[in-house]
Amino acid sequence: MTEQITGALFQQMVLHGAAAITAQKQAINDLNVFPVPDGDTGTNMSMTIATAVAELRKASPAALDQAASVTASALLRGARGNSGVILSLLFRGLSKGLKGMEAAGAAAFAAAMQEGVSAAYKAVMKPAEGTVLTVSRLAAKEAVDAAAGETDVEKVLEAAIAKGQETLAQTTDMNPVLKKAGVVDAGGKGYLLILEGMLAAVRGEPLPEVAEEPAKTQEKADFEALSAEEITFAFDTVFIVRKQNAGVDLTPLRAYLDSIGDSLVIGEDDEAFKVHVHTNIPGEALTEAQKYGTLELAKIENMRTQAEDLAAGRHVQSTDDLDAVEAALESDGGHAVAPPEKKYGFLAVCAGAGLEAVFKDLGADGVVSGGQTMNPSTESILAGVDAVPAETVFVLPNNGNIIMAAQQCGALTEKNVVVIPTKTVPQGITAMMNVDFEAPDAGSLAGAMTDSLSTVTTVQITYAARDSDFDGFDIKVGDYLALEEGKLFGTDTSLDTLLSRLAERALEKSASFISLYFGEDVLEEEAQRAGALFEAACPNAEVAVLSGGQPVYYYIISME
């Protein structure tokens, strides 16, 4: 029977909790589908609590409040991902509830658990039920109820875990995403593993050796049932800011970050705050946060590409891979930097000899090969930038997943880099057609190029790689898919039928200029027939059929 939790026991509880989730981190990863299917919840939670283990082993505090404070501070700075930040908040509130205590009985510890839940709920802008929040809330409530008539910490934790397991089983029906994938919430499962490890420490069990166990087949999420397109905000963004003063009010920052993304969680102490947010503009999130202090550390990962890799069974790249990437880049020996011979230069990203020729004909100094499914690295784009003999280099990424990589180049070169946020090849071509090579300054030129993007509509035709149900469309493998501005326009088993519908769409939009860039798998005579469909449907429009030579897309169509 254990009636008091001391600092030394709490340290062992954290160590046991860390070992428990580390042993099962891949099993948790395999359940991870909400809020996005990026398969990293187990990794994030285990690495988050590992930071506390390292700090506790250094300090070995005797008093409970000191042990809890060391744990909470370490978790705040070491938190990774949405689940890691929430875990840090649960321990931050726990630490607050234990403040001033040399040791705590069952009732005090249960009350502190509830304090942790309150801290987590306050920090999450839009709490979702059927998550770790639900599991931790009901587990903590059960702990409080049990402690009302029980002084044994072991019994109270057992009651909390039993209620948590009952709640975890219900999460599948609480959340549509979990139900679709047929799994329980990954974060909730991870939290209960930590509690179970903590209970093992209270029972006096030896610290287990960590040996990861694979998830059971039936417990693994069906990642293929989930689409990367279902991810509204692409970039998982986590960063730490040292406060400019202890009393800084983060309410305006919360409101701003909530307006540009979701899954927002902010944890803080007197010295710093840590933000987790999913957004499409991570750079702007970092810039805004620096109004409140000094940026210390940031991690940004593309969840769409991670989801695609998971569904395809590929290795999921994360910031953990950066050391290896950096080493590989350093071994390449760098690249030459062209001295500036003119004021402005232009670099485009595209795939296909025909598209490359179009950009060069319009005045692009260089082209980096890349596009959908083969995004170039920042280093590849940087090499292209440095090869352009100009003071200011305008970069046209021509793909939404490449914009951020291009934006990193500015800090890596002495050249002035201006990234025009082109998300498609037609947008890039339109931007180049609106270049004033004699513009008085880079700002006005960038403004004119960016403003021109809204004048063009992009349609891309590709094929379905697997059966799926998306946006109300029942898609079968091999179907032709038409995407208008990145959204599914329609599907069909006949490419000609889909092209005819798109020609009618061009008429609806009163397009005056229509360009069809046909891909590497399309014969020229087939492309000319496609052009004839548009000419028949839009007799007043100028229709051009050009070889793009691009992979993936049968046609890239520009409507202006």
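Whatever comes next refers back to the structure up there.
Note that the structure is a prediction, hence the values are computed from the model and not measured. (Residues numbered from 1 in each chain as written. Predicted model: local features only at pLDDT ≥ 70, side-chain atom pairs only at ≥ 80, totals over all residues. Heavy atoms only, no water.)

A.B. asks: Could you give me a rundown of the overall build of the protein chain, with the residues and numbers involved?
C.D. replies: What the protein chain contains, in helices and strands, is 21 helices and 16 strands. A total of 560 residues make up the protein chain; the buried ones form 53% of that total. For the protein chain, long-range pairs separated by at least 24 residues make up 72% of all intrachain contacts whose partners lie at least 6 apart in sequence. Roughly 24000 Å² of accessible area belongs to the protein chain as shown, and the carbon and sulfur atoms make up 50% of that amount. (Helix = DSSP H or I, 4+ residues; strand = E, 2+ residues; numbered from the N terminus. Buried < 20%, exposed > 50% of the residue type's maximum accessible area, 1.4 Å probe, protein only. Contact = heavy atoms within 4.5 Å. Areas by Shrake-Rupley, 256 points an atom, 1.4 Å probe, with all protein chains shown as cover.)

A.B. asks: So, the packing of aromatic side chains: which residues are in play, and what are the values?
C.D. replies: Under the criterion given, the structure shown has five aromatic pairs. Relative to Tyr-554, the ring of Tyr-480 has its centre 5.4 Å away and its plane inclined at 65°; by these criteria the two rings are edge-to-face. Of this pair, Tyr-480 sits in strand S12 (residues 480-484) while Tyr-554 sits in the loop between strand S15 (542-547) and strand S16 (555-559), and the two are 74 residues apart along the sequence. Of the residues examined, Tyr-554 reaches a relative accessible area of 19% and is grouped as buried. An aromatic cluster is built from Tyr-344, Phe-346, Phe-394 and Phe-437, whose rings are joined through pairwise contacts. (Phe/Tyr/Trp six-rings, centres within 6.5 Å; stacked < 30°, edge-to-face > 60°.)

A.B. asks: Describe the pattern of salt bridges, naming the residues involved and giving the relevant values.
C.D. replies: Tallied over the full model, the rule gives 18 salt bridges. For Asp-365, the salt bridge goes to Lys-342, with nearest N and O atoms at 2.3 Å. Of the two residues, Asp-365 sits in the loop between helix H15 (353-361) and strand S6 (366-369) while Lys-342 sits in strand S5 (residues 342-350), which places them 23 residues apart along the sequence. According to the relative accessible area criterion, Asp-365 is partly exposed, its value standing at 29%. The salt bridge partner of Glu-356 is Lys-360, with a shortest N-O separation of 3.2 Å. Residue Glu-356 and its partner Lys-360 are both found in helix H15; the two are separated by four residues, about one turn of the helix. Note on Glu-356: relative accessible area 30%, which makes it partly exposed. (Salt bridge = Lys/Arg side-chain N within 4 Å of Asp/Glu carboxyl O.)

A.B. asks: Tell me about the pairing of strand S13 (residues 487-492), residues and numbers included.
C.D. replies: Along any regular strand the residues' side chains alternate between the sheet's two faces. Bridging between S12 and S13 involves five bridges; their strand directions are antiparallel. Following the sheet pairing, Glu-484 is matched in S13 by Lys-487. In this antiparallel pair of consecutive strands, S12 and S13, the connection spans two residues, and Glu-485 shows a positive phi of 50°. (Pairing = 2+ DSSP bridges.)

A.B. asks: Please set out the packing of helix H20 (residues 495-508) against helix H21 (residues 524-537) residue by residue, giving values where relevant.
C.D. replies: Contact pair H20 / H21: the axes reach a minimum separation of 9 Å and the direction vectors enclose 35°. The crossing of H20 and H21 is right-handed. Here H20 contributes Asp-496, Leu-499, Ser-500, Leu-502, Ala-503, Glu-504, Ala-506 and Leu-507 to the contact with H21, which in turn contributes Ala-530, Leu-533, Phe-534 and Ala-537. Its residues assigned to classes, the contact of H20 with H21 comprises nine nonpolar, one polar and two charged. (Axes fitted to C-alpha atoms, helices over the stretch in contact; angles between N-to-C directions. Left-handed = near helix turned anticlockwise from the far one by under 90°. Nonpolar A, V, L, I, M, F, W, Y, C, P; charged D, E, K, R; others polar.)

A.B. asks: An account of the nonpolar core is needed here, citing residue identities and associated values.
C.D. replies: Among the nonpolar cores identified, the biggest contains 60 residues, and Phe-10, Met-13, Phe-109 and Met-113 are the most heavily contacted of them. Of all the secondary structure elements, the ones that give two or more residues to this core are helix H1 (7-23), helix H3 (41-59), helix H4 (64-78), helix H5 (81-97), helix H6 (106-123), helix H7 (132-147), helix H8 (153-174) and helix H10 (186-202). For this core, the leading source of residues is H6, giving nine residues. Beyond its immediate sequence surroundings of up to four residues, Phe-109 is in contact with Ile-5, Phe-10, Met-13, Leu-94, Leu-98, Ala-104, Leu-157 and Met-198. (Core = buried A, V, L, I, M, F, W, Y, C linked by side-chain atoms within 4.5 Å.)

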